[in-house]
Amino acid sequence: MSSGTYFPHPVRGVDIPKKQGGVRTLGIPAVSDRIAQAVVKLVLEPKLEPTFLPSSYGYRPGKSAHDAIDATRRQCWKSNFVLEFDIRGMFDNIPWGLIIKALKYHTNEQWIILYVKRWLEADLVTGAGTVQRTKGTPQGGVISPLLMNLFMHYTFDLWMGREFPNLAWCRYADDGLIHCYTAKQAEYVKSKLETRLKECGLELHPDKTKVIYCGKISGREPHLNRQFTFLSYDFCLRPVATKNGQIFMSFTAAVSKSALQRMKRHIKYQLRLGHRVDLNIQQIAKWINPIVRGWIQYYAKFHRSAMIPLARYIDGVLSKWVQRKYINIQARRMAYNFLLKIRERHPSLLAHWGLL
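So, here is what we can say about the structure in this document. (Residues numbered from 1 in each chain as written. Predicted model: local features only at pLDDT ≥ 70, side-chain atom pairs only at ≥ 80, totals over all residues. Heavy atoms only, no water.)

For the rest of this paragraph, the subject is the overall build of the protein. Across its full length, the protein holds 11 helices and 11 strands. Once the C-alpha set of the protein is aligned to its principal axes, its extents read approximately 70 × 55 × 35 Å. Out of the 356 residues in the protein, the part that is buried amounts to 47%. Split by element, the accessible area of the protein, about 18,700 Å² in all, is 53% carbon and sulfur. Side-chain charges of the protein comprise 53 positive and 26 negative groups, with the mean position of each set lying 9 Å from the other. (Helix = DSSP H or I, 4+ residues; strand = E, 2+ residues; numbered from the N terminus. Buried < 20%, exposed > 50% of the residue type's maximum accessible area, 1.4 Å probe, protein only. Areas by Shrake-Rupley, 256 points an atom, 1.4 Å probe, with all protein chains shown as cover. Lys, Arg positive; Asp, Glu negative; His and termini not counted. Charge placed at Lys NZ, Arg CZ, Asp CG, Glu CD.)

Encoded structure:
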């Protein structure tokens, strides 16, 4: 790299399923290229990070998805409308000229610019053959999230400050939210954003971009969307309990229905938990606890009670496991009582029991 003779390998294209159906092609660099990209990122990130704005959360040190969700939740209490937007194929469509122009503004290191150009221009190898790319940065590369944030810093973040300085917003990679005070204002911002993205070579996703009403229900907004999903959390008006037990309605976040379904399908089809009669309860706990604990740490951060259906589902699957494993326990009620006795003796044995 110091001599300038390093050339990256072609990027391997891997198709992964999307949550909403279809596939997304990830560009996976070779191991040596990932190491080289990590070197550039270590040098470049400290220079770029101070320039990024606080409302940008994705792929940044010291910022998390939970921070973005909490900021969105609080801002929904202050404004009545939210413009939810998604950029279609963002990593695949970033214009190279604009990203290099932004990069040159922040660094004079010619070797960094040289290698970023080579990584951007690397061919994509798929099952159908080799594809010569003309735009975009491979989603899956070490340097790609940093380049994407740099591009969006000028395309969206600073643009919002110039055009709509009084509106709060939140962006996590290519998903974003703009908080507005009226439906008319939200539609105007949407049209302006669509124009701005087209100027920069990007396009709003027509199905994932919409205006949501997050104010109190008065009966005068029957035609408006009243729910949106952001970072696998559903935002909608839901009952919330105060510390003294009082119940009130609040527009807040909880684990999304689609995320709950994905977790249940993983337990049923990938883990096949109910059929592992070769394991005892301690072995099952050691096996599934890291998985379930990771889900709880992310999805139970806000409105923890929304995760209770998952805990009950796991207990239901375990009751079937008990019936298959023990011949003398065939009734579902007996299987539940068997698990209940174990839970009373060892309440922390299974991670999901902490939700019940």
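The next point concerns the sheet that holds strand 6 (residues 169-172). Ordered by their spatial adjacency, four strands build an open sheet running 6-7-3-8, and the pairing between neighbours is antiparallel. Since the sheet does not close on itself, it has two edges, and those belong to strand 6 and strand 8 (210-213), each with one partner. On average, each strand axis in the sheet is inclined to that of its neighbour by 20°, with strand direction left out of account. Bridge count for strand 3 (residues 81-86) against strand 7 (residues 175-180) is six bridges, and the pairing is antiparallel. Pairing of Leu83 across the sheet is with Ile178, part of strand 7. (Pairing = 2+ DSSP bridges. Axes fitted to C-alpha atoms, helices over the stretch in contact; angles between N-to-C directions.)

Moving on to the packing of helix 6 (residues 144-163) against helix 7 (residues 183-199). As a packed pair, helix 6 and helix 7 sit with axes 11 Å apart at the nearest point and diverge in direction by 140°. Classified by the angle their axes make, helix 6 and helix 7 are oblique. Two packed elements cross with a definite hand, and for helix 6 against helix 7 that hand is right-handed. Here Tyr154, Thr155, Phe156, Trp159, Arg162 and Glu163 of helix 6 come into contact with helix 7, specifically with Lys192, Leu193, Arg196 and Leu197. (Parallel < 35°, antiparallel > 145°, perpendicular 65-115°, else oblique. Left-handed = near helix turned anticlockwise from the far one by under 90°. Contact = heavy atoms within 4.5 Å.)

With that settled, the discussion passes to the sheet that holds strand 10 (residues 233-241). Sheet architecture is open: three strands sit in the order 9-10-11, paired in antiparallel fashion. Here the strands that pair on one side only, and so sit at the sheet edges, are strand 9 (228-230) and strand 11 (247-255). The sheet shows a mean angle of 50° between the axes of neighbouring strands, direction not considered. Of the pairings in the sheet, the one linking strand 10 to strand 11 comprises nine bridges and is antiparallel in character. Across the sheet, Val240 pairs through a bridge with Phe248, a residue of strand 11.

The subject of this paragraph is unusual backbone geometry. Although it is not a glycine, Ala173 sits at a positive phi angle of roughly 60°. Position of Ala173 among the secondary structure elements: in the loop between strand 6 and strand 7. We classify Ala173 as buried; its relative accessible area is 5%. One non-glycine residue, Leu231, adopts positive backbone phi at about 55°. Among the secondary structure elements, Leu231 is positioned in the loop between strand 9 and strand 10.

This next bit is on the environment of Leu158. Mapped onto the elements of the fold, Leu158 is located in helix 6. Separated by 72 residues in sequence, Leu158 and Phe230 have C-alpha atoms that sit 22 Å apart. Residues within four places of Leu158 in sequence aside, it is in contact with Leu53 and His153.

Another point: the side chain of Glu45. Residue position: Glu45 is located in helix 1 (residues 31-48). At 4.2 Å, Lys41 is the nearest oppositely charged side chain to Glu45, a buried residue that forms no salt bridge. With residues near it in sequence (within four places) discarded, Glu45 still touches Pro50, Pro61 and Leu146. (Salt bridge = Lys/Arg side-chain N within 4 Å of Asp/Glu carboxyl O.)

With that out of the way, let us pick up a nonpolar patch on the surface. A cluster of nonpolar side chains, namely Met1, Val31, Ile35 and Val39, defines an oily patch on the protein surface of about 340 Å² accessible area. Looking at the element boundaries, Val31 is found in helix 1. According to the relative accessible area criterion, Val31 is exposed, its value standing at 62%. (Patch = residues over 30% accessible without salt bridge, like charges linked within 9 Å, V, L, I, M, F, W, Y side chains within 5 Å.)

This part is about helix 1. Between its first and last C-alpha atoms helix 1 spans 25 Å; for 18 residues at 1.5 Å apiece the expected length is 26 Å, and the two agree. The largest bend in helix 1 is about 30°, located at Leu42, with the proline Pro46 one to four residues further on. The set of residues buried in helix 1 consists of Asp33, Ala36, Gln37, Val40, Leu44, Glu45 and Leu48. Those residues of helix 1 that are buried are in contact with helix 4 (96-106), helix 5 (110-121) and helix 6. (Expected span 1.5 Å × (residues − 1). Bend = angle between axes of the 7 residues up to and from the residue.)

Turning next to the pattern of salt bridges. Applying the stated criterion to the full structure yields seven salt bridges. A salt bridge links Arg171 to Asp157, with the nearest nitrogen and oxygen atoms 3.0 Å apart. Pair noted here: Arg171 is in strand 6 and Asp157 is in helix 6, with a separation of 14 residues, a long-range link. For Arg171, a relative accessible area of 0% puts it in the buried group. Of the charged contacts in the structure, one is a salt bridge between Arg276 and Asp278, with a shortest N-O distance of 2.9 Å. Classification of Arg276 as partly exposed rests on a relative accessible area of 28%. When salt bridges with common partners are traced through the structure, they connect Asp70, Arg73 and Arg74 into a single cluster.

By themselves, these observations are geometric and do not establish any function.
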